[in-house]
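Residues per chain, in single letters:
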Amino acid sequence: MENLVDRCNMGSELKTTSIPDFFTSIGLPMYISAVIGQNYKYLEQLFKLTSQEIREITGAPHKHAKRIFHALSWVKKKMTAQNGNDESGLIDRVWRFSF
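These figures come from a predicted structure and were not determined experimentally. (Residues numbered from 1 in each chain as written. Predicted model: local features only at pLDDT ≥ 70, side-chain atom pairs only at ≥ 80, totals over all residues. Heavy atoms only, no water.)

### Regarding the nonpolar core
Part 1 of the reasoning: Formed by 23 residues in total, the largest nonpolar core has its most connected members in Phe 22, Phe 23, Ile 26, Leu 43, Leu 46, Ile 68 and Leu 72.
Part 2 of the reasoning: Taken together, the elements giving at least two residues each to this core come down to α2 (19-25), α3 (32-37), α4 (51-58) and α5 (62-81).
Part 3 of the reasoning: Ranked by residue count, the leading element in this core is α5, at six residues. (Core = buried A, V, L, I, M, F, W, Y, C linked by side-chain atoms within 4.5 Å. Buried < 20%, exposed > 50% of the residue type's maximum accessible area, 1.4 Å probe, protein only. Helix = DSSP H or I, 4+ residues; strand = E, 2+ residues; numbered from the N terminus.)

### Concerning the environment of Leu 49
Part 1 of the reasoning: One can find Leu 49 in the loop between α3 and α4.
Part 2 of the reasoning: Placed 24 residues apart in sequence, Leu 49 and Ser 73 show a C-alpha to C-alpha distance of 9.8 Å.
Part 3 of the reasoning: Not counting residues within four places of it along the chain, the set of residues in contact with Leu 49 comprises Tyr 40, Ile 54, Ile 57 and Phe 69. (Contact = heavy atoms within 4.5 Å.)

Keep in mind that these numbers describe shape and distance, not what the molecule does.
This is the structure we're talking about:
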């Protein structure tokens with residue numbers, strides 16, 4: 001079984017099957033428990049959040065909140081472009097954010 005560092009280093013593969021997969025794929029798994037602890041169960045629930053709300057929920061510094069916000073925006077845009085296709089398993093390639 002691969003360790004967490006290896007999974008985070010695979011950051012170019014953005015996964016959207018779950019909140020833990022999403023946060024791990026963008027290299028910020030340390031915020032999973034904070035998000036789930038606020039009763040968010042589905043990634044789609046996070047789409048409406050602002051960068052400031054993400055900071056408040058996660059306690060993340062500005063750069064991390066911005067990274068999360070931009071990744072969520074990108075996923076939302078990709079899912080919208082799918083025009084009703086099954087988005088539950090959307091996997092795509094993105095550049096690693098380095099803010």
